[in-house]
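Chains, contacts and geometry: an overview
Spelled out from the first residue to the last, the chains are:
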Amino acid sequence: MTKLINGKEFADKLCDKLASEVLSLHSQGVEPCIAVILVGDDPASHVYVKNKIRRCEQVHIRSLEFRFEDTISEQALLEKIEDLNGDSKVHGILVQLPLPEHINDSAIIAAISPAKDVDGFHKESAGALMLGQDGFVPCTPLGSLMLLGDVLPTLSGLHAVIVGRSNIVGKPMASLLLAKNCTVTIAHSRTQNLPDVCKQADILVAAVGKPELIRGGWVKPGAVVIDVGINRVMVNDAPKLKGDVCFDEVKDIASAITPVPGGVGPMTIACLMYNTVEAARKQAG
Ligand code: GUN
């Protein structure tokens, strides 16, 4: 029987645990706080930020939201980040991506103090992860790893195939799985014979942003499938969320699979809470 990996339930439990840790920090005079910067009016970004702020409330993390028009200059955004870097009451800084075209994402991310980089996107965080050193891990791969650890007794020696090579998911996921002694393959849009490569996976992580790309015939029987995709598609004139995996075809082949929605998505936000509590704890010494 295929196990449905319930990311919502796992995320709720993690957040309950974090909420009591935050209350204990409060009693020590530390109030974990995240600043969230949202530029422009991308509807998906607004939904993500709203969900992040709602979770902060549940976990008793203070959140500060800064919204800017998409005409804001890169310089003005850099100055805002500098302010927040210097504000000792703010422990984490998140700039919701994507940013408007005239703003250089890399310059903005580089401006965030690595100590407050709760998204784990700064090159110092990325470098630390690659070198196996201490640093913030990007939330989606961290959440995916937690779910894998929950369904597999050990990851050691398993072949993990990650489809997608983004800085936010594919590359950090590869570092995490390598650190757990997996044999790691990163496949991408130029990979030859993608179905055959996927079929070798004991662990298949789909993070490409293409609805239902991964078909039933691409999956080895008994594999664990982590679907990172959140694609908004129209089905019979109604908007629907679809993963990167064709769930209906894969669900009876895999030994365990994350659904969309309710799989990896809630874990991304829970891990943002986790990183923010870590940031507050470290900054409080
Ligand atoms: N846009 C899509 N996913 C993310 C994320 O995890 N963090 C930020 N900052 N922006 C995003």
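These numbers were taken from a predicted model, which means no experiment stands behind them.

Next up on the list: the packing of aromatic side chains. A complete count under the given rule lists zero aromatic pairs for this structure. Residue placement shows Lys80 over the ring face of Phe66; its charged tip is 4.0 Å from the ring centre. When the ring centre of Phe136 is taken as origin, the NZ or CZ atom of Lys282, which lies over that ring, is 4.9 Å away.

With that settled, the discussion passes to the site of the ligand. For the ligand, the full set of nearby residues is Lys52, Leu94, Val95, Gln96, Leu97, Asp119 and Phe121. Between the ligand and Gln96 there is a distance of 3.3 Å, counted from a nitrogen atom to a side-chain nitrogen or oxygen. Residue Asp119 places a side-chain N or O atom 2.6 Å away from a nitrogen atom belonging to the ligand. If the ligand stood free it would expose 280 Å²; the protein chains cover 81% of that surface. Because more than half of its atoms lie within 2 Å of the grid, the ligand is assigned to the largest pocket.

Position of Ile162 among the secondary structure elements: in strand S5 (residues 159–163). What makes Ile162 buried here is its relative accessible area of 0%. Along the backbone, Ile162 and Thr185 are 23 residues apart, and their C-alpha atoms lie at a distance of 6.2 Å. Beyond its immediate sequence surroundings of up to four residues, Ile162 is in contact with Gly170, Met173, Ala174, Leu177, Val184, Thr185, Ile186, Ala187 and Val205.

Before going further, it helps to examine the layout of surface pockets. What the largest pocket holds in volume is close to 1300 Å³. As for the largest pocket, its lining consists of 48 residues, and the residues nearest its centre are Tyr48, Thr140, Ile230, Gly265 and Thr268. Contributions of two or more residues to the lining of the largest pocket are made by helix H1 (7–27), helix H2 (43–59), strand S4 (92–95), helix H6 (139–151), strand S9 (231–235) and helix H10 (264–284). Per element, the largest residue contribution to the lining of the largest pocket is nine residues, and it comes from H2. Residues of the lining of the largest pocket, tallied by class, amount to 25 nonpolar, 13 polar and 10 charged. Each pocket or cavity is described by its volume, and for the second largest pocket that value is around 400 Å³. If you trace the second largest pocket, you find 18 residues lining it, with Phe121, His122, Lys123, Ala126 and Asn167 closest to the centre. Elements represented by at least two residues in the lining of the second largest pocket include exactly helix H4 (105–111), helix H5 (123–131) and helix H7 (170–179). By residue class, the composition of the lining of the second largest pocket is 10 nonpolar, five polar and three charged.

Residues Leu148, Leu177 and Met273 are the most contacted members of the largest nonpolar core, which totals 53 residues. For this core, the element with the highest residue contribution is H10, accounting for 10 residues. One finds Val197, Leu204, Ala206 and Trp218 within the second-largest nonpolar core, a separate group that totals 18 residues.

Next up on the list: H5. One turn of an α-helix holds 3.6 residues; hence residues three or four places apart share an orientation. Residues of H5 that are buried: Ser125, Ala128 and Leu129. One face of H5 carries all of its buried residues, which in axial projection span an arc of 100°. Turned more than 90 degrees away from the buried face of H5 sit Lys123, Glu124, Met130 and Leu131, all of them exposed. Looking at the buried side of H5, the elements it contacts are H7. Directly beyond the C-terminal end of H5, a positive phi value near 75° is found at Gly132.

With that settled, consider the packing of H1 against H10. Between H1 and H10, the least distance of the axes is 9 Å, while the angle of their chain directions is 20°. Put simply, H1 runs roughly parallel to H10. For the pair H1 and H10, the crossing hand works out as left-handed. Contacts between H1 and H10 involve Gly7, Lys8, Phe10, Ala11, Leu14, Cys15, Leu18, Glu21, Val22 and Leu25 from the first element and Pro266, Met267, Ala270, Met273, Tyr274, Val277 and Arg281 from the second.

Rules behind the numbers
Residues numbered from 1 in each chain as written. Predicted model: local features only at pLDDT ≥ 70, side-chain atom pairs only at ≥ 80, totals over all residues. Heavy atoms only, no water. Phe/Tyr/Trp six-rings, centres within 6.5 Å; stacked < 30°, edge-to-face > 60°. Lys NZ or Arg CZ within 6 Å of the ring centre and 35° of its normal. Near = heavy atom within 4 Å. Polar contact = N/O pair within 3.5 Å; in protein donor to acceptor, adjacent residues only side chain to side chain. Areas by Shrake-Rupley, 256 points an atom, 1.4 Å probe, with all protein chains shown as cover. 1 Å grid on protein atoms, 1.4 Å probe; cavity = no way out; pocket = protein on both sides within 12 Å on 5 of 7 lines; lining within 4 Å. Sits in = over half its atoms within 2 Å of the grid points. Helix = DSSP H or I, 4+ residues; strand = E, 2+ residues; numbered from the N terminus. Buried < 20%, exposed > 50% of the residue type's maximum accessible area, 1.4 Å probe, protein only. Contact = heavy atoms within 4.5 Å. Points joined across faces, edges and corners; volume = space filled by probe spheres on them. Nonpolar A, V, L, I, M, F, W, Y, C, P; charged D, E, K, R; others polar. Core = buried A, V, L, I, M, F, W, Y, C linked by side-chain atoms within 4.5 Å. Arc of directions from axis to C-beta. Axes fitted to C-alpha atoms, helices over the stretch in contact; angles between N-to-C directions. Parallel < 35°, antiparallel > 145°, perpendicular 65-115°, else oblique. Left-handed = near helix turned anticlockwise from the far one by under 90°.

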